[in-house]
Amino acid sequence: MAETVTCRDRLSPLSHVAGRFAAATRASGGAVRLAELPFLAQLNVRLDPKGPAADAVELALGIPLPLEPNTSVRGGELAALWLGPDEWLVVGPAGTQHALEARLRAAFDDVAATAAVVDVSAQRTTLLVAGPSAPDLLAHGCSLDLHPRSFGAGRCAQTTLARAQVVLVPRDEHKPGFWVLVRSSFAGYLAEWLLDAASEWSPPPGSTPPSG
């Protein structure tokens, strides 16, 4: 999943808190990092995992759809997240949703497969919660065991964070942290909750900020 996003003439759901995210990141001394990854392409895919459409997806995107519950597959700038026995979310760089949708529809037509693909990019934004203390921060509002042994790279989950419905995706093993996919209507609320939780890693007023 791409983390560098460039988009002109649009305001993301959390553009108004970008400065506060940056300030909280600095104040933590590197313990936590908060940022928005806006406008990522997100396509909901429904198909029979045992049918020809599943193979068509792999050929079209270069990655297979994960078949084990609560797992994800990455390849290049794309990620496929398991949402259900016949449902996945394909995530890619900002601005690529129309090209990805066209590739998938063409692939399904080639094999005359019964499948559905819907562009849901506008439904959610993506939050980056990273840094060595990211699991501890999220643990304040999420009941999952977020230790890498239980929920590391290659996993994903539909869960609640601070009572908001999210899709939680660990980054790869070399980058501690998580992507939090949240509906745009709840993004502001969740951002405020994360900023409040991150204050635990900020120095008290009048103290010397941590270095590093």
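Up top you'll find the structure we're talking about.
Predicted model, so just to flag it, every value in this text is computed and none were measured. (Residues numbered from 1 in each chain as written. Predicted model: local features only at pLDDT ≥ 70, side-chain atom pairs only at ≥ 80, totals over all residues. Heavy atoms only, no water.)

A. Seen up close, the overall build of the protein. Per the secondary structure count, the protein includes 5 helices and 10 strands. A compact globule built from 212 residues would reach a C-alpha radius of gyration of about 17 Å, and the protein, at 18 Å, matches this within 12%. If you line up the protein on its principal axes, its C-alpha atoms span 65 × 40 × 30 Å. Residue burial in the protein is summarised as follows: out of 212 residues, 48% are buried. Surface summary for the protein: the accessible area is close to 10500 Å², and the carbon and sulfur share equals 51%. A gap of 4 Å separates the mean positions of the 17 positive and 21 negative side-chain charges of the protein. (Helix = DSSP H or I, 4+ residues; strand = E, 2+ residues; numbered from the N terminus. Rg over C-alpha atoms; globule rule 2.2 N^0.38 Å. Buried < 20%, exposed > 50% of the residue type's maximum accessible area, 1.4 Å probe, protein only. Areas by Shrake-Rupley, 256 points an atom, 1.4 Å probe, with all protein chains shown as cover. Lys, Arg positive; Asp, Glu negative; His and termini not counted. Charge placed at Lys NZ, Arg CZ, Asp CG, Glu CD.)

B. The packing of helix H2 (residues 52-61) against helix H3 (residues 97-110), seen in detail. Where H2 meets H3, the closest approach of the two axes is 9 Å, and the angle between their N-to-C directions is 135°. Classified by the angle between their axes, H2 and H3 sit oblique to one another. When the axes of H2 and H3 are compared, the crossing they make is right-handed. Residues Ala53, Ala56, Val57, Ala60 and Leu61 of H2 form the contact with H3, whose own contacting residues are Leu100, Arg103, Leu104, Ala107 and Phe108. Classifying every residue of the contact of H2 with H3 gives 9 nonpolar, no polar and 1 charged. (Axes fitted to C-alpha atoms, helices over the stretch in contact; angles between N-to-C directions. Parallel < 35°, antiparallel > 145°, perpendicular 65-115°, else oblique. Left-handed = near helix turned anticlockwise from the far one by under 90°. Contact = heavy atoms within 4.5 Å. Nonpolar A, V, L, I, M, F, W, Y, C, P; charged D, E, K, R; others polar.)

C. Region of the structure containing the environment of valine 182. In this structure, valine 182 sits in strand E10 (residues 177-183). Given the relative accessible area of 0%, valine 182 is considered buried. The spatial distance from the C-alpha of valine 182 to the C-alpha of leucine 47 is 24 Å, given a sequence separation of 135 residues. Once residues lying within four places of it in the same chain are set aside, the contact partners of valine 182 are Gln123, Arg124, Thr125, Leu127, Gln165, Val166, Ala187 and Leu190.

Read these as spatial facts, not as claims about activity.
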